[in-house]
Amino acid sequence: MAVTQPDMEISIGPLRLKNPVMSASGTFGYGEEYVSLVSLHRLGAIIVKGISLRPRQGNPPPRIAETACGMLNAIGLENVGLERFLSEKLPFLQGIDTPLIVNILGDTVEDYQQLAARLNEVDKVAALEVNISCPNVKQGGVAFGTDPDMAYAVTKGVCQHFKRPVIVKLSPNVTDITEIARAVAEAGADAVSLINTVLGMAIDIRSRRPKLANIFGGLSGPAIKPIALRMVWQVAAAVRIPVIGIGGITTPEDAIEFILAGAWAVQVGTTNFINPKATEEIIAGIAAYLAEHGMASIRDLIGRARQT
Ligand SMILES: Cc1cc2nc3c(=O)[nH]c(=O)nc-3n(C[C@H](O)[C@H](O)[C@H](O)COP(=O)(O)O)c2cc1C
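Residues numbered from 1 in each chain as written. Predicted model: local features only at pLDDT ≥ 70, side-chain atom pairs only at ≥ 80, totals over all residues. Heavy atoms only, no water.

Enquirer: I keep staring at the side chain of T270 and nothing clicks. Help me out?
Expert: Relative to the assigned elements, T270 resides in the loop between β16 (265-268) and α7 (271-274). In this structure, T270 is in contact with T27, M71, S220 and G221, ignoring residues within four places of it in sequence. (Helix = DSSP H or I, 4+ residues; strand = E, 2+ residues; numbered from the N terminus. Contact = heavy atoms within 4.5 Å.)

Enquirer: Explanation requested: the packing of aromatic side chains in the structure shown.
Expert: Applying the stated criterion to the full structure yields three aromatic pairs. Look at Y30 and F85: their rings are 6.1 Å apart centre to centre, the planes differ by 40 degrees, and that puts the pair in the tilted class. Of this pair, Y30 sits in the loop between β3 (21-23) and β4 (46-47) while F85 sits in helix α1 (residues 82-94); the two residues are 55 residues apart in sequence, bridging distant segments of the chain. On the basis of relative accessible area, Y30 is assigned to the buried category, the value being 8%. Note on F85: relative accessible area 0%, which makes it buried. (Phe/Tyr/Trp six-rings, centres within 6.5 Å; stacked < 30°, edge-to-face > 60°. Buried < 20%, exposed > 50% of the residue type's maximum accessible area, 1.4 Å probe, protein only.)

Enquirer: In this structure, what is going on with the site of the ligand? I would like to understand it.
Expert: S25, K169, G221, G248 and T270 are the nearest of the 22 residues found near the ligand. Between an oxygen atom of the ligand and a main-chain N or O atom of G269, the distance comes to 3.1 Å. In the environment of the ligand, an oxygen atom lies 2.6 Å from a nitrogen or oxygen atom belonging to the side chain of T270. Its free accessible area being 610 Å², the ligand has 96% of it covered by the protein chains. A class-by-class count of the residues in the shell around the ligand yields five nonpolar, 15 polar and two charged. (Near = heavy atom within 4 Å. Polar contact = N/O pair within 3.5 Å; in protein donor to acceptor, adjacent residues only side chain to side chain. Areas by Shrake-Rupley, 256 points an atom, 1.4 Å probe, with all protein chains shown as cover. Nonpolar A, V, L, I, M, F, W, Y, C, P; charged D, E, K, R; others polar.)

Enquirer: Help me out: how do you make sense of the sheet that holds strand β11 (residues 198-201) in this one?
Expert: The strands making up a sheet associate through hydrogen bonds between their backbones, and the pairing can be parallel or antiparallel. Spatially, the four strands line up as an open sheet ordered β5-β6-β14-β11, and their pairing is antiparallel. Whereas interior strands pair on both sides, the edge strands pair on one side only; in this sheet they are β5 (64-67) and β11. Sheet twist, expressed as the mean angle between neighbouring strand axes with direction ignored, is 40 degrees. Pairing of strand β6 (residues 70-73) with strand β14 (residues 216-220), which is carried by three bridges, proceeds in the antiparallel orientation. The partner of N73 across the bridge, within β14, is G218. (Pairing = 2+ DSSP bridges. Axes fitted to C-alpha atoms, helices over the stretch in contact; angles between N-to-C directions.)

Enquirer: Is there a simple way to explain the pairing of strand β9 (residues 166-169) in this structure?
Expert: When a strand is regular, its side chains alternate between the sheet's two faces. Alternating positions in β9 separate into two faces, V166 and V168 on one and I167 and K169 on the other, with burial throughout. When strand β8 (residues 125-131) meets β9, the two strands line up parallel, connected through four bridges. The residue bridging L128 from the neighbouring strand is V166, located in β9. You can see the chain leave β9, run along helix α4 (residues 177-186) and come back into strand β10 (residues 191-194), and the turn it takes is right-handed. (Right-handed = clockwise from strand over helix to strand, strands pointing away.)

Enquirer: Looking at this structure, I do not really get the sheet that holds β3. What am I missing?
Expert: Spatially, the eight strands line up as an open sheet ordered β3-β16-β15-β10-β9-β8-β7-β4, and their pairing is parallel. Of all strands in the sheet, those with a lone pairing partner are β3 and β4, marking the two edges. Note that β10 and strand β15 (residues 243-246) share three bridges and pair parallel. Bridge pairing in β15 links V192 to V243.

If you want it as structure tokens, here you go:
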């Protein structure tokens, strides 16, 4: 018997989402940029561009290169910084009836702790997403997310200062992502999101120079979906906390694949640049799939892919 109104609600600890589809950090600005294109209150959550303690200019141009089925970016985490985020961007987001998740980044554990403490005072911030793909300046520039001990330390530091859910965003640029996932779960993370971009490069054969001024950049878009799906499957089997799937999600079918692999929710990134309405279309498509298959709740789909 067909179910007409499937239950799309998902809870990540105390964080209740009306559906499992969120915008991915860095691909949706601070929300306001999309207001004329998307009904923002329909999203499961809005995740804003990564915020650091102080404003960052990012890398010099060119910072973007198109690739087959994706793009490379070396934006370098340009952002307005915490204080301008609070004074200029937050007032608009306060008026949107959807949870706000703030993505944070820092150069030291103390940076992350300060961001967490300050954002803890802002009720509208429903959760933090901790980007651990940044280099730790005190440890010689090794990214927090590539070392289990550093990933543990930054997660613990944030959890001590932020009293609502903490989601740690994992980098795929590691040998064993489950090792990092276990470390952050042990440190107190409420959920993990994965994956961030995959390190890559491109060369212009006419100028014989790398296409990005930074030489390397992060690959995103449909090209990375199989890698992301594999990692979500592995991490979902390795930790007990919820997993949020990210990487090349373009259609409702892509999102459903991630949920079947074990994701509780998904984020839509690069696709927003091509189809700004993608998040809403994916929400509608998942609901239609549930109804078509006579399923009452999205929760019945999580991790239900069969191995045989
Ligand atoms: C232009 C651009 C900027 C991004 N900025 C951030 C960021 O500030 N913080 C972060 O955690 N991830 C950032 N990401 C990574 C995305 O949130 C996402 O993890 C990645 O792009 C993979 O998903 P996708 O294939 O759906 O884009 C950025 C990605 C792109 C393409």
